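Descriptive analysis of the structure
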Amino acid sequence: MAATMKTTGVEDIVVTFEDQQKINKFARNTNRITELKNEIQAKKKTLQNLQDASDDLMMLDDDSLLIPYQIGGVFISHSQEETQNMLESAKEALEEEVRGYEERVSSIQQVLNDLKVQLYAKFGNNINLEADES
């Protein structure tokens, strides 16, 4: 019966140096995941723009037209086929970057889940590790 009783007062929990390190690591990793997700979103938008450009390029009737392609701050004119190949290469590179970012998010998420278990085990309801939905 004593196991089912809850205390209504706030318990004094000692936060050790190791606990503080875990909390700090959790905060850093949470911020890193947010940054990576923003980066993924930006890369996916760029990827969609490349796909749109590729689709528009396929609709061209005249194969002899030179298509301007931006490299850095300069536009260079290429044939339709060369431009299509360059777009495909750029899309493949971006897709690879996105996969790399998603793998990093997944590995960081595993670390966060482990830290969450450890911190909730020690602090219970006295700590909030859930992301704000604001």
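Calculation rules
Residues numbered from 1 in each chain as written. Predicted model: local features only at pLDDT ≥ 70, side-chain atom pairs only at ≥ 80, totals over all residues. Heavy atoms only, no water. UniProt positions renumbered as here; feature names shortened; annotations may be inferred. Helix = DSSP H or I, 4+ residues; strand = E, 2+ residues; numbered from the N terminus. Pairing = 2+ DSSP bridges. Patch = residues over 30% accessible without salt bridge, like charges linked within 9 Å, V, L, I, M, F, W, Y side chains within 5 Å. Areas by Shrake-Rupley, 256 points an atom, 1.4 Å probe, with all protein chains shown as cover. Salt bridge = Lys/Arg side-chain N within 4 Å of Asp/Glu carboxyl O. Lys, Arg positive; Asp, Glu negative; His and termini not counted. Charge placed at Lys NZ, Arg CZ, Asp CG, Glu CD. Expected span 1.5 Å × (residues − 1). Axes fitted to C-alpha atoms, helices over the stretch in contact; angles between N-to-C directions. Parallel < 35°, antiparallel > 145°, perpendicular 65-115°, else oblique. Left-handed = near helix turned anticlockwise from the far one by under 90°. Nonpolar A, V, L, I, M, F, W, Y, C, P; charged D, E, K, R; others polar. Buried < 20%, exposed > 50% of the residue type's maximum accessible area, 1.4 Å probe, protein only.

Considerations on the UniProt feature "coiled-coil region" (unreviewed entry) in the protein
The residues that UniProt annotates with the feature "coiled-coil region" (unreviewed entry) are residues 26–53 and 77–118. Across residues 26–53, helical content stands at 100% and strand content at 0%; the span's end C-alpha atoms are separated by 41 Å. Secondary structure within residues 77–118 divides into 93% helix and 5% strand; the distance between the first and last C-alpha atoms comes to 58 Å.

Quick notes on the pairing of strand β1 (residues 67–71)
Where β1 and strand β2 (residues 74–78) come together, five bridges link them in antiparallel fashion. Looking at the pairing, Gln 70 lines up with Phe 75 of β2. From the end of β1 to the start of β2, which pair antiparallel, there are two residues, and Gly 72 there has a positive phi angle of about 70 degrees.

Some thoughts on a negative patch on the surface
Together, Asp 61, Asp 62, Asp 63, Glu 81 and Glu 82 make up a negatively charged patch on the protein surface. By the secondary structure assignment, Glu 82 is in helix α2 (residues 80–123).

Considerations on α2
Think of an α-helix as 3.6 residues a turn; residues three or four steps apart then line up on the same face. With 44 residues, α2 ought to run about 64 Å at 1.5 Å a step, and its terminal C-alpha atoms sit 62 Å apart, in line with that. One or two steps after α2, the chain reaches Gly 124, where phi turns positive at roughly 60 degrees.

Points about the packing of helix α1 (residues 17–58) against α2
As a packed pair, α1 and α2 sit with axes 8 Å apart at the nearest point and diverge in direction by 160 degrees. As far as their axial angle goes, α2 and α1 are roughly antiparallel. The handedness of the crossing between α1 and α2 is left-handed. The class makeup of the residues in the contact of α1 with α2 is 22 nonpolar, 10 polar and 16 charged.

Some points on the pattern of salt bridges
For the structure shown, the criterion picks out eight salt bridges. Asp 19 is paired through a salt bridge with Lys 122; the nearest N and O atoms lie 2.6 Å apart. Taken together, the residues span a long stretch of sequence, with Asp 19 in helix α1 and Lys 122 in helix α2 at a distance of 103 residues. Residue Lys 122 is classed as partly exposed on the basis of its relative accessible area of 36%.

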